[in-house]
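# Geometric and topological summary
Here are the chains, one letter per residue:
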Amino acid sequence: MGQAIGDKVGKFMKKKTKYIDVPALISSSIKSSTVLEDFLPPPNKLVLKEDNSKMTIVLSKKSISFSKDFGISEEEFLNL
């Protein structure tokens, strides 16, 4: 069973991977690379969750054809 997203790092991340028959450029890049600390905040702190509401709107066929003729997206049309 694999690691679930957000689980604490356990036995799944401890095993070192050994690369065999790797091109020299890739091999030297891997050897010279450094491990970065986890610098991102946890996902629940990246974006605050907002309350959403659903809304139904009725538009005339004339309004819809006007927006299609001028290439206005639905979001832009609602903000007119």
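About the criteria used
Residues numbered from 1 in each chain as written. Predicted model: local features only at pLDDT ≥ 70, side-chain atom pairs only at ≥ 80, totals over all residues. Heavy atoms only, no water. Helix = DSSP H or I, 4+ residues; strand = E, 2+ residues; numbered from the N terminus. Buried < 20%, exposed > 50% of the residue type's maximum accessible area, 1.4 Å probe, protein only. Areas by Shrake-Rupley, 256 points an atom, 1.4 Å probe, with all protein chains shown as cover. pLDDT = per-residue confidence, 0-100. Polar contact = N/O pair within 3.5 Å; in protein donor to acceptor, adjacent residues only side chain to side chain.

### Section: the overall build of the chain
For the chain, the count of helices and strands is 4 helices and 0 strands. The linear arrangement of helices and strands in the chain, starting from the amino end, is α-α-α-α. The proportion of buried residues among the 80 residues of the chain is 2%. Accessible surface, the chain as shown: approximately 9000 Å² in total, 58% of it carbon and sulfur.

### Considering the confidence of the model for the chain
Looking at the chain as a whole, the pLDDT averages 75, with 75% of positions reaching at least 70. When pLDDT is averaged over each element of the chain, helix 1 (residues 24-32) comes out on top at 83 and helix 4 (residues 74-78) at the bottom at 67.

### Observations regarding the environment of S28
Along the chain, the position of S28 falls in helix 1. A polar atom in the side chain of S28 sits 3.1 Å from the backbone oxygen of L25.

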